[in-house]
Amino acid sequence: MFASMLVLGVLALAGCGGDVGSGPVALIASSLRPALDGAYPDLRTSFESSGAIAAKVRQGVDVDIVLVADPKIASDLARDGLIEPPVTVAGNGLAVLVPTGNPQKITSLDQLARPGRRIVVAAERVPLGAYTRTALRRAGAEDVLRNVVTEEPEASGVVAKVTQGEVDAGIGYISDLASGRVDGFALAPDIQVDVRYDVALITTSTRRGAATAFVAWLRGPDGHGALTREGFTVP
């Protein structure tokens, strides 16, 4: 009963209706929404943090595909027999995001540590938040965290806060710059983080053929085009 209630919630979040068996269901990292929302026919999607995706898989939600922004999450699920061996399908990196027009004239990471700056980052428990803190340590710029006024539970929340002008800057993904909703710049190569997105089928998927077809599309030229148009890299 609990698992049935969870899948209904997933489908509602995904904007899906009708028969639960009408198409494959995918739980996808929220940062991939610009590239994959509506990109593949009949795929029912819920865009969430990778940690939330892992939790739902462990709770037994009836889904077919996971696509997460942290290879460790995928490998842990595979180790426990919950998903098939994951495959890397996309890459990304980190960027400083600022509102359009860059009103505070921010041009370097160290400027985020200046007194009075209002900064948004992702919470440490989600991949973007962990990647952010890794990059700040590499740069010796952990003082930036003193200016954090909000920690978001999903990568999309960082973009939203910057877009709405609620903060001076945030640390998000390079792919966020492709949206045109924010300005900014990629972090320098010596402190950059290698972000990888892994896809896998759920071992108990009941829509295996359709799910396999989606993964094949994602790894092919059409899927690659959808990803690269939104600033992601592909293998």
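Since we're looking at a predicted model, the values are computed, not measured.

**Some thoughts on the overall build of the protein chain**
A count of helices and strands for the protein chain gives eight helices and 10 strands. Since a compact globule built from 235 residues should have a radius of gyration of about 18 Å, the 18 Å found for the protein chain is in line with a globular shape. For the protein chain, the residues scored as buried account for 51% of the 235 residues in total. Sequence-distant contacts in the protein chain: of pairs separated by 6 or more residues, those separated by 24 or more amount to 73%. By element, 52% of the accessible surface of the protein chain is carried by carbon and sulfur atoms, the whole surface being about 10,300 Å². Separation between the mean location of the 22 positive side-chain charges and that of the 26 negative ones in the protein chain comes to 3 Å.

**Some words on the packing of helix α7 (residues 208-219) against helix α8 (residues 221-228)**
In the contact formed by α7 and α8, the axes pass within 4 Å of each other and the chain directions differ by 65°. Side by side, α7 and α8 meet where W217, L218 and R219 of the first sit next to D222, G223, H224, A226 and L227 of the second. Looking at the contact of α7 with α8, its residues break down into four nonpolar, two polar and two charged.

**Here's the deal with the packing of aromatic side chains**
Within the structure shown, the criterion is met by five aromatic pairs. Centroid distance Y197 to F232: 5.5 Å. Interplanar angle 80°. Geometry classified as edge-to-face. Note that Y197 is positioned in strand β10 (residues 195-201) and F232 in the segment after α8, a separation of 35 residues in sequence. One exposure class covers both Y197 and F232, and it is buried. Grouped by ring-pair contacts, the aromatic residues Y40, F214 and W217 constitute a single cluster.

**Re the confidence of the model for the protein chain**
Mean pLDDT over the protein chain works out to 91, with 91% of the residues at or above the 70 mark. pLDDT under 50 marks residues 1-21. Its contacts with residues more than four places away, or in other chains, come to 30 contacts.

**Some thoughts on helix α6 (residues 155-163)**
Residues spaced three or four apart along an α-helix point in a common direction, a consequence of the helix completing one turn every 3.6 residues. Of all the residues in α6, the buried ones are A155, G157, V158, V159 and V162. The positive-phi residue at the C-terminal boundary of α6 is G165, with phi of around 75°.

**Focus: the pattern of salt bridges**
Throughout the structure, instances matching the rule amount to 13 salt bridges. The salt bridge partner of D62 is R207, with a shortest N-O separation of 3.3 Å. One end of the pair, D62, is in the loop between α3 (50-59) and β3 (65-68); the other, R207, is in the loop between β10 and α7, and 145 residues separate them in sequence. With a relative accessible area of 27%, D62 lands in the partly exposed category. Judged by relative accessible area, which is 9%, R207 ranks as buried. Beyond isolated ion pairs, a larger network of salt bridges with shared partners links R58, K72, D76, R79 and D80.

**Some thoughts on unusual backbone geometry**
The phi dihedral of N102 falls on the positive side, at around 50°, and the residue is not glycine. Under the relative-accessibility criterion, N102 is labelled buried at 15%. Here K105, not a glycine, exhibits a phi torsion of approximately 55°, which is positive.

Cut-offs applied
- Residues numbered from 1 in each chain as written.
- Predicted model: local features only at pLDDT ≥ 70, side-chain atom pairs only at ≥ 80, totals over all residues.
- Heavy atoms only, no water.
- Helix = DSSP H or I, 4+ residues; strand = E, 2+ residues; numbered from the N terminus.
- Rg over C-alpha atoms; globule rule 2.2 N^0.38 Å.
- Buried < 20%, exposed > 50% of the residue type's maximum accessible area, 1.4 Å probe, protein only.
- Contact = heavy atoms within 4.5 Å.
- Areas by Shrake-Rupley, 256 points an atom, 1.4 Å probe, with all protein chains shown as cover.
- Lys, Arg positive; Asp, Glu negative; His and termini not counted.
- Charge placed at Lys NZ, Arg CZ, Asp CG, Glu CD.
- Axes fitted to C-alpha atoms, helices over the stretch in contact; angles between N-to-C directions.
- Nonpolar A, V, L, I, M, F, W, Y, C, P; charged D, E, K, R; others polar.
- Phe/Tyr/Trp six-rings, centres within 6.5 Å; stacked < 30°, edge-to-face > 60°.
- pLDDT = per-residue confidence, 0-100.
- Salt bridge = Lys/Arg side-chain N within 4 Å of Asp/Glu carboxyl O.

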